[in-house]
Amino acid sequence: MLSKTETPAITPPATAAQMWLAQFQEALAAADRARLKSLFHVESYWRDVLALTWRIATIDGADAVVNELMARAGDSWPSGFLIDQDRTAPRWVMRAGTDAIEAIFKFETPEGRGSGLLRLTPDANEGGKLKAWTLLTALDGIKGHEEQLGRSRQEDKVYSRDFHGPNWLDMRKAAAAYADRDPTVLVVGGGQAGLSAAARLGQLGVDTLIVDREQHIGDNWRHRYHALVLHNQTHVNHLPYMRFPPNWPAYIPKDKIAGWFEAYVDSMELNYWTSTTFEGGAYDEKIGRWSVVLRKDGAAREMHPHHVVMATGLSGAPSILDIPTLDEFVGPVLHSSQYDEADKWKNKNVLVIGSGNSAHDIAQDLHASGAKVTLVQRSSTMVVNVEPSAQLPYALYDEGPPLEDCDLITMSVPLVLARKSHKILTEKAKQIDKELLDGLARKGFKLDFGDDGTGWQFKYLTRGGGYYFNVGCSDLIVQGEVGLLQFADIAGFVAEGARMQSGETLPADLIVLATGYKDQNHLVRELFGDGVADRIGPIWGFGTGEELRNMFTRTAQPGLWFIAGSFAQCRIYSKYLGLQIKACELGLLR
Ligand SMILES: Cc1cc2nc3c(=O)[nH]c(=O)nc-3n(C[C@H](O)[C@H](O)[C@H](O)COP(=O)(O)OP(=O)(O)OC[C@H]3O[C@@H](n4cnc5c(N)ncnc54)[C@H](O)[C@@H]3O)c2cc1C
C-alpha cells in the first residue's frame, strides 16, 4: 500500500469514498464478481454485524470477501450506500500504523437500516487506485421497529390525561412486579452488562427483567475495595442512552458509579429484582421457552422466559488452587472474593498469592491499613501505569468525533489490525513506563507484554486477566514497601507461614489467594447442565476465529445469550444483542 503522501492524485476523501460506494453498489446489484474484487485490496477485511448476514463475523481477504458478498448480490438490496452527512465527515486518519481514508456511510437492507465504515488506501500496483482495506456493515435498526429516540420518542400515554387510571408510578410498579406474567427476556446479573442489555431491549419494546443476587443495585461495585476508582476515563465509560454528567471527575469512584446504576435503572425504567439468585434452567425446544428457577429473599419462583441473557461477569466461581502443603498453614486462607476488611490485619503479616489486578489491589489495601504484605508471583504479569499508558487505546475517543462515531470506528477494526495496533500501543507504553518497569525488574518481578507483544487488551480479551494497571502498588514494590517473592522460592507451607527454599520461614497471619476465577463455561455447566455447556463450548477469547466466542451473538443453545466486557463493549454490543433478540421475537431470526 502507498501512504497518503505517496498517493499520486489526492482525491478529496468524501469524493473518493462516495465514488467507491457507488461502484460497490453497482457491482453488488449486477453480481459482478470481477468488479467487486477490483474494489478490494488482496489483504482486506469485511466485518458484518448483523446487517447482511445476521451474524457477527469477520471475513479476511478479497476472495473470501467477494465470495460472501456474491451470496447477497444480484438483487436490489442492499442499497442506498451513501456517505452519512449527519456523521463525522470522511477524512484521512492513521489506523494500525497505516494512513487511510475513513468514511462513515449508511445503507438499507430489506429488513433494516445500517451504518457502515469504509477505509480506503491506495494500491501501489494500480497507480494508487483507492481500494477498500476494511469494510464494516452494521445493522442500526429493524424497519418498523426502530428505537423511539429524540423526535420519534413515545407519545404521552393515556395515564397523563386519565385522572382515575393508574399513573406512571403505578404502572412502573406493576410492570416490575411480574405478578401475573413472566418476562420475555430474563437478564441474569445487573452490572453494566445487564443494565446495557436491558436498556436496549426496553427501547425495542421487549419485556425484560434483570435479577441480581446482591441486596442493592450497584453493590457489585460497592463491595469492591475501599479506594477503587474506575480505570478508564469517564467519557469512555458511558452507558447506553444516558451520559455521565460533564462535570463528573475523570475517574469515577466506585460508590458514585453504584449510585449511578440506581439512577440509571430508575431513569431507563428497567425492571430489576435485587436479592434474587438465578439457580438454573432447562430449555424446552418444542415451545421455545426456558423453565428457570429464581430464589428471591428465600422464596423460589419459576419463570418461563423465551431468552436468558447471562450478564454475570467474566468470572465464574472462585478458582481455589490446590497448593500442596497449604493445609499445613493454621491461619485463615481467603480467596480474593472473600477478602474484605483490611483494618483487621494492621501490623500482621499477609501473603498475597497472585500478581494480577486483584492481588495488587488487595496488597495495596492491606499495606495502607498497616499490614506487612508480601506479594507472591506465580507467573509473569504485564504492568502498565493507569495514567497515561493504560489510556492509550482510548485516544480515539479524544479525537473529536461524537461517541456513536467513535464506537463505530472501534467496531470497524478487524482483529488482525487490532492486534497490530495494540502491539504499537504496547511498545509506546513500555517506553513511557520504562522507569517503573526497570524498577520492578530489579526487584525480580517477572514482566511480560502479552502474546506477541499485544499487551493488556489482548490479555483481557483472551483470558480476562494477567495484567495490573498500576495505581501505586508497583511503586510500593519498587520501594520495598510491599514485599515480593516468586512462588518457586517457596518450598512449602508450615503452620506459621511459608517455608522458603533457603530454609527460612516467612511468617504469615493471613494468606490471600488472588488466583482468579473459573471460566464462564464452568458456570454454564453448573446452571444449565453438561448438555448445554458442551453444546456452546468456550465463552470469551477467540479460539481460532476472529470474534469473541459466544459473546453478544446467537449461541448453539437457542435462547441463551452472553454479554460481558468493559463499559464500552457493553455499550456497543448491547445494541446488537438487543436487535438479535428482537429479530427472534419477530420471527426474522431463529
Ligand atoms: C478496580 C477496577 C476498575 C475497573 N475499571 C473499569 C473501567 O474504568 N472501565 C471498564 O470498562 N471496566 C472497568 N473494570 C472492569 C469491568 O468493567 C468490571 O469488572 C465490571 O464489573 C464487569 O461488569 P459485568 O456487568 O460484566 O459484571 P459484574 O459487575 O461482575 O456483574 C455481574 C453481576 O451478576 C450477578 N450475579 C452473578 N451470578 C448470579 C446469579 N446466579 N444470580 C443472580 N445474580 C448473579 C452478580 O451479583 C453481579 O452483580 C474495572 C474493574 C476493577 C476491578
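Residues numbered from 1 in each chain as written. Predicted model: local features only at pLDDT ≥ 70, side-chain atom pairs only at ≥ 80, totals over all residues. Heavy atoms only, no water.

### A few points about the overall build of the protein
Filter applied, for reference: In this description a helix means any DSSP run of H or I spanning at least four residues, a strand means any run of E spanning at least two, and both kinds are numbered starting from the N terminus. Each accessible area is a Shrake-Rupley result for a 1.4 Å probe, and residues are judged covered by the shown protein chains and nothing else.
Secondary structure assignment for the protein yields 16 helices and 25 strands. Viewed in the frame of its principal axes, the protein has a C-alpha envelope of about 80 × 70 × 50 Å. A total of about 26,100 Å² of accessible surface is found on the protein, and carbon and sulfur atoms cover 50% of it.

### Re empty space enclosed by the protein
Put simply, the test is: Cavities and pockets are defined on a 1 Å grid built over the protein atoms alone: a cavity is a set of grid points where a 1.4 Å probe fits but cannot escape, while a pocket is an open set with protein on both sides within 12 Å along at least five of seven lines, and lining residues are those with an atom within 4 Å of any such point. Grid points are joined across faces, edges and corners, and a volume is the space filled by probe spheres set on the points. Classification convention: Asp, Glu, Lys, Arg as charged; Ala, Val, Leu, Ile, Met, Phe, Trp, Tyr, Cys, Pro as nonpolar; all other residues, Gly among them, as polar.
Going through the model one piece at a time under the given rule, you end up with 3 cavities of 30 Å³ or more. If you go around the largest cavity, you meet 13 residues; those closest to its centre are Pro393, His422, Leu425, Thr426 and Trp456. Put simply, the parts of the chain that give the lining of the largest cavity at least two residues each are β18 (382-385), α10 (415-432) and α12 (455-463). Looking at which element gives the most residues to the lining of the largest cavity, the answer is α10, with 4 residues. Looking at the lining of the largest cavity residue by residue, the classes come out as 7 nonpolar, 6 polar and no charged.

### What to know about the sheet that holds strand β15 (residues 333-335)
The cut-off we apply is this: DSSP-based pairing: two strands are paired if at least 2 bridges between them are found. A fitted line through C-alpha atoms represents every axis, and for helices the fit uses only the stretch in contact; the resulting angles, taken between N-to-C directions, go from 0 to 180 degrees. Residues count as neighbours in contact if any of their non-hydrogen atoms are within 4.5 Å of one another.
Sheet architecture is open: 5 strands sit in the order β15-β24-β16-β17-β20, paired in parallel fashion. Two strands bound the open sheet, and with one partner strand each, they are β15 and β20 (483-486). The average undirected angle you get between the axes of adjacent strands in this sheet is 25°. Inspection of the sheet shows strand β16 (residues 349-353) paired to strand β17 (residues 372-377) by 5 bridges, in the parallel sense. Paired with Val350 across the two strands is Val373, which belongs to β17. Across the sheet, helix α8 (residues 357-368) touches β16, β17 and β24 (510-513), and the angle it forms with β17 is around 165°.

### Considering the packing of aromatic side chains
Given two aromatic rings, one states the distance between the centres and the angle between the planes to describe the pair. Defined as follows: When the centres of two rings from Phe, Tyr and Trp lie within 6.5 Å, Trp using its six-membered ring, the rings pair. Their planes under 30 degrees apart give stacked, over 60 give edge-to-face, and anything left gives tilted. Here the term buried applies to any residue with accessible area under 20% of the maximum for its type, exposed to any over 50%, and partly exposed to those in between, with areas from a 1.4 Å probe on protein chains only.
Using the criterion set out here, one finds 23 aromatic pairs in the structure. A ring pair is formed by Phe81 and Phe107, whose centres lie 5.3 Å apart and whose planes are at 10°; its orientation type is stacked. Pair noted here: Phe81 is in strand β3 (residues 79-83) and Phe107 is in strand β5 (residues 98-108), with a separation of 26 residues, a long-range link. On the basis of relative accessible area, Phe107 is assigned to the buried category, the value being 3%. Ring plane angle 50° and centroid distance 5.8 Å describe the contact between Trp456 and Tyr467, whose orientation is recorded as tilted. Taken together, the residues Trp456 in helix α12 and Tyr467 in strand β19 (residues 467-470) connect sequence positions 11 residues apart. We note that Trp456, like Tyr467, is buried. Taken together, the ring pairs connect Trp20, Phe24, Phe40, Phe81, Phe105 and Phe107 into an aromatic cluster.

### Quick notes on the sheet that holds strand β13 (residues 299-303)
What links the strands of a sheet is backbone hydrogen bonding, and the strands pair in either a parallel or an antiparallel sense. Reading across from one edge, β11-β12-β13 is the order of the 3 strands in this open sheet, with antiparallel pairing throughout. Every interior strand has two partners, whereas the edge strands, β11 (276-284) and β13, have only one. Across the sheet, the mean angle separating the axes of adjacent strands is 15° when strand polarity is ignored. Bridge count between strand β12 (residues 289-296) and β13: 5 bridges; the pairing is antiparallel. Bridged to Lys296 within β13 is Ala299. In this fold helix α14 (residues 520-528) packs onto β11 and β12, with an angle of close to 75° to the strand it touches most, β11.

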